[in-house]
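Listed below are the residues making up each chain.
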Amino acid sequence: GSTTDPGTTTNNGGSSDVDETMYLGYGDLKTMGDSTCGYVDVPSDWVDFYEAGGIEAAEATCQMASPDASAIITMCVFDNGMTAYDYASALYDTMLADSEATDVKTAQVKIGGYDAYQVYATYGTGYLITYSFEAEDGKLHYVAVEMPDSMATIVFNIEGTYRLTE
């Protein structure tokens with residue numbers, strides 16, 4: 001059982017506390033992702049990123065990063081019968097148990113038009129923001145944004161640019 005209910009907290013009418021000023025100062029954008037994980041718009045200098053060992057149990061994973069890898073976006077698809085709510089609950093419990101995570105919060109938000117459970121926390125000088133939702137493909141989708149505090153005012157508008165089709 002989970003120690004929390006990620007579906008009960010809503011911040012600022014459904015958006016997170018993070019300032020989502022879209023790409024301020026980043027210039028040109030490009031689309032990254034694929035037809036399984038979905039697509040998101042990122043600064044044009046971003047590159048494909050591969051995490052050693054991948055994401056456990058994911059059917060598919062797409063990752064992209066800033067040139068210095070200080071910011072990373074991970075998109076995963078799971079076809080394991082787990083609901084977005086259950087996955088978000090597990091993420092919340094994991095973040096609460098992590099001694100490096102502080103100010104762990106939840107919200108219900110929209111990402112690309114999908115109702116999502118958001119779980120986010122501060123990690124040292126940065127943030128981890130996660131979204132869990134179910135799409136029309138019948139699968140659990142997970143999107144995570146890891147970024148340094150220096151990007152706090154220029155967080156990518158993931159919620160506005162995510163989509164399943166290019």
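See the structure printed just above.
Nothing here was measured: the structure is a model prediction, and the numbers come from that model.

1. What about the sheet that holds strand β8 (residues 126-134)?
Sheet architecture is open: 7 strands sit in the order β3-β4-β5-β9-β8-β7-β6, paired in antiparallel fashion. Looking at which strands have only one partner, the edges of the open sheet turn out to be β3 (47-48) and β6 (101-111). As paired elements, strand β5 (residues 72-78) and strand β9 (residues 140-148) share 7 bridges and run antiparallel to each other. Counterpart to M75 in the pairing with β9 is V143.

2. Observations concerning the environment of E136
For E136, the position within the fold is in the loop between β8 and β9. Separated by 28 residues in the primary sequence, E136 and L164 place their C-alpha atoms 9.3 Å from one another. In this structure the side chain of E136 is engaged in a polar contact, spanning 2.7 Å, whose partner is the side chain of Y114.

3. Thoughts on the layout of surface pockets
By volume, the largest pocket amounts to about 390 Å³. Contributing to the lining of the largest pocket are 15 residues, with L91, T94, L128, T130 and Y142 lying nearest its centre. Broken down by secondary-structure element, the contributors of at least two residues to the lining of the largest pocket are α1 (84-97), β8 and β9. A per-class count over the lining of the largest pocket returns 9 nonpolar, 3 polar and 3 charged.

Rules used in this analysis
- Residues numbered from 1 in each chain as written.
- Predicted model: local features only at pLDDT ≥ 70, side-chain atom pairs only at ≥ 80, totals over all residues.
- Heavy atoms only, no water.
- Pairing = 2+ DSSP bridges.
- Helix = DSSP H or I, 4+ residues; strand = E, 2+ residues; numbered from the N terminus.
- Polar contact = N/O pair within 3.5 Å; in protein donor to acceptor, adjacent residues only side chain to side chain.
- 1 Å grid on protein atoms, 1.4 Å probe; cavity = no way out; pocket = protein on both sides within 12 Å on 5 of 7 lines; lining within 4 Å.
- Points joined across faces, edges and corners; volume = space filled by probe spheres on them.
- Nonpolar A, V, L, I, M, F, W, Y, C, P; charged D, E, K, R; others polar.

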